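Residue strings, one per chain:
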Amino acid sequence: MRTSLNKIKAIEDYLLGSMAPGDVLLFEANILLNSDLIDDIKYQQSTYSIIRQYSRQNIKAEIKAVQETLTTAPQHRDFRQYIANFFKKH
Amino acid sequence: MIAKHNNRLSTAKLREAFFLALYKKVFPNVARYISRMGGSLDEAQDIFQDTLVIYYEKLTSTQNEVILNEGAYLLGIAKKLWFQRHQAITKNQPLNDFDIEVVADEQPATGKILHYLETAGMKCMELLKAYYYDRLPADNVAKLFGYSGTHSATVAKYKCMEKVRETIKQKSLKYADFIE
């Protein structure tokens, strides 16, 4: 891998706690000396956060699609009726 | 960092069957409970959607917790969500104090960046989702995304990280409220 990708891997190993203890010391020394590295770490953390939000949106969309199927498809009519009965009194 | 349940949930088709089975098996109990608590069908559906997101994240996490009774576990999450939601409404407070972590309200800048990435970097976002959220093993990711092997897929992952990180950096300079 090219150098920039290895740096991303190193930040990932550091953030996810999979870096060897000796390497952690060296990495943290680099953080003190290199303000660009601090920025890279900060933006990489934001990247993980964005990936999580994107992924959650997608999983929720898949779940909603399943619910939509249950709400509309003819073969699930009995199930719909069964559920609707719980809410009849309200 | 690979989850044990990843293979049976690795494609949209498999997840569809999985979620459908859970709706059939568990949603009646959740609906009955929400109904008894005075809630509506819409509320029951909303809560069950969040319940399934939480359960999916639990299954794909690296924790090795054994869930013996899936139905009881899901009903427990739904009850907790109901109480948290109900409590927040009666206290007129925002839903941001979950100890079960649910999809949080996002900052406006995050939404803009996310929207940009959904349109301009869809393939990368899908690849990163497979690695970091679905936690699929590298050989599975390689197969799903058409890479020749795990090394190629791993390199592609880091290239995507670089691309997305750079996008976030550029956009963050524009939307100052994104970082911090």
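Residues numbered from 1 in each chain as written. Chains lettered and ligands numbered in written order. Predicted model: local features only at pLDDT ≥ 70, side-chain atom pairs only at ≥ 80, totals over all residues.

1. Concerning the overall build of chain B
Part 1 of the argument: Looking only at helices and strands, one finds seven helices and zero strands in chain B.
Part 2 of the argument: In chain B, the succession of helices and strands from N to C terminus is α-α-α-α-α-α-α.
Part 3 of the argument: Going through the 180 residues of chain B one by one, you find that 29% of them count as buried.
Part 4 of the argument: Taking the contacts inside chain B whose residues are at least 6 apart along the sequence as the reference set, 65% of them involve residues at least 24 apart. (Helix = DSSP H or I, 4+ residues; strand = E, 2+ residues; numbered from the N terminus. Buried ≥ 20, exposed ≤ 12 C-beta atoms within 10 Å, placed from the backbone. Contact = placed C-beta atoms within 7 Å.)

2. Side note on the overall build of chain A
Part 1 of the argument: Across its full length, chain A carries four helices and zero strands.
Part 2 of the argument: Starting at the N terminus, the α and β elements of chain A follow one another as α-α-α-α.
Part 3 of the argument: Scaling as 2.2 N^0.38, a compact globule of 90 residues should have a C-alpha radius of gyration of about 12 Å, whereas chain A reaches 24 Å, well beyond that.
Part 4 of the argument: Buried positions account for 18% of the 90 residues belonging to chain A. (Rg over C-alpha atoms; globule rule 2.2 N^0.38 Å.)

3. Re the confidence of the model for chain B
Low-confidence regions, as indicated by low pLDDT, have predicted coordinates that should not be scrutinised in detail.
All names here are of chain B.
Part 1 of the argument: In this model, chain B carries an average pLDDT of 85, and 81% of its residues clear a pLDDT of 70 or more.
Part 2 of the argument: Throughout residues 95–99 the model reports pLDDT below 50, and contacts reaching past four residues in sequence, or to other chains, amount to five contacts.
Part 3 of the argument: What the predictor reports for the complex is a pTM of 0.84 with an ipTM of 0.88. (pLDDT = per-residue confidence, 0-100.)

4. A few points about the domain arrangement of chain B
Residues and elements named next belong to chain B.
Part 1 of the argument: Per the domain assignment, the segments making up chain B are domain 1 (6–90) and domain 2 (108–173).
Part 2 of the argument: Placing a centre on the C-alpha atoms of domain 1 and another on those of domain 2 gives a separation of 27 Å.
Part 3 of the argument: If you look at the interface, domain 1 gives five residues, while domain 2 gives seven residues. (Domains from an automatic or database assignment.)

5. A closer look at the interface of chain B and chain A
Part 1 of the argument: Across the boundary between the two partners, chain B contributes 40 residues, which contact 33 residues of chain A.
Part 2 of the argument: Contributing elements (two or more residues each) for the side of chain B that touches chain A: α1 (12–36), α2 (41–60), α4 (108–120), α5 (122–132) and α7 (150–174) of chain B.
Part 3 of the argument: Here the side of chain B that touches chain A gets twelve residues from one element, more than from any other, and that element is α1 of chain B.
Part 4 of the argument: The class makeup of the residues in the side of chain B that touches chain A is 25 nonpolar, five polar and ten charged. (Nonpolar A, V, L, I, M, F, W, Y, C, P; charged D, E, K, R; others polar.)

6. What about the packing of α1 of chain B against α2 of chain B?
Residue and element names in this part refer to chain B.
Part 1 of the argument: Contact geometry of α1 with α2 gives a least axis separation of 10 Å together with a crossing angle of 130 degrees. Here α2 runs oblique to α1, going by the angle between their axes. Here α1 runs over α2; the crossing is right-handed. Between α1, through Phe19, Leu22, Phe27, Val30, Ala31 and Ile34, and α2, the contact on the second element is made entirely by Glu43, Ala44, Ile47, Phe48 and Leu52.
Part 2 of the argument: In the contact of α1 with α2, the residues fall into ten nonpolar, no polar and one charged. (Axes fitted to C-alpha atoms, helices over the stretch in contact; angles between N-to-C directions. Parallel < 35°, antiparallel > 145°, perpendicular 65-115°, else oblique. Left-handed = near helix turned anticlockwise from the far one by under 90°.)

7. A word on the nonpolar core
Part 1 of the argument: Within the largest apolar cluster, 25 residues are counted, with the highest numbers of intra-cluster contacts made by Phe27, Val30, Ala31, Ile47, Phe48, Leu52 and Ala78 of chain B.
Part 2 of the argument: Among residues more than four places away in sequence, those in contact with Ala78 of chain B are Val30, Tyr33, Ile47, Phe48 and Thr51 of chain B.
Part 3 of the argument: Core analysis: the second largest hydrophobic core is formed by 23 residues, Ile11 of chain A together with Leu117, Leu127 and Leu136 of chain B among them. (Core = buried A, V, L, I, M, F, W, Y, C linked by C-beta atoms within 7 Å.)

8. A closer look at the packing of helix α1 (residues 3–15) of chain A against helix α3 (residues 35–72) of chain A
Residue and element names in this part refer to chain A.
Part 1 of the argument: Viewed as axis vectors pointing N to C, α1 and α3 meet at an angle of 70 degrees, and their least axial separation amounts to 10 Å. As far as their axial angle goes, α3 and α1 are roughly perpendicular. From α1, Ile8, Ile11 and Leu15 reach across to α3, where they touch Asp40, Ile41, Gln44 and Gln45.
Part 2 of the argument: Across the contact of α1 with α3, the residue classes tally to four nonpolar, two polar and one charged.

9. Here we look at α7 of chain B
Part 1 of the argument: Here α7 of chain B is 25 residues long and its end C-alpha atoms lie 36 Å apart, about the 36 Å a rise of 1.5 Å per residue gives.
Part 2 of the argument: Those residues of α7 of chain B not exposed but buried are Ala153, Lys157, Cys160, Met161, Val164, Arg165 and Ile168 of chain B. (Expected span 1.5 Å × (residues − 1).)

10. Some words on unusual backbone geometry
Excluding glycine, residues mostly carry a negative phi; peptide bonds, for their part, are mostly trans.
Part 1 of the argument: A positive phi angle is found at Arg135 of chain B, which is not glycine, with a value near 50 degrees.
Part 2 of the argument: Checked against the element boundaries, Arg135 of chain B lands in the loop between α5 and α6 (138–145).

11. A few points about the environment of Arg36 of chain B
Part 1 of the argument: Looking at where Arg36 of chain B falls in the secondary structure, it is placed in helix α1.
Part 2 of the argument: Separated by 128 residues in sequence, Arg36 of chain B and Val164 of chain B have C-alpha atoms that sit 46 Å apart.

12. Focus on the environment of Lys79 of chain B
Residue and element names in this part refer to chain B.
Part 1 of the argument: Residue placement: Lys79 occurs in helix α3 (residues 70–90).
Part 2 of the argument: Lys79 gets classed as partly exposed once you count the C-beta atoms within 10 Å, which come to 16.
Part 3 of the argument: Spatially, the C-alpha atoms of Lys79 and Met37 are 9.9 Å apart, while their sequence positions differ by 42 residues.

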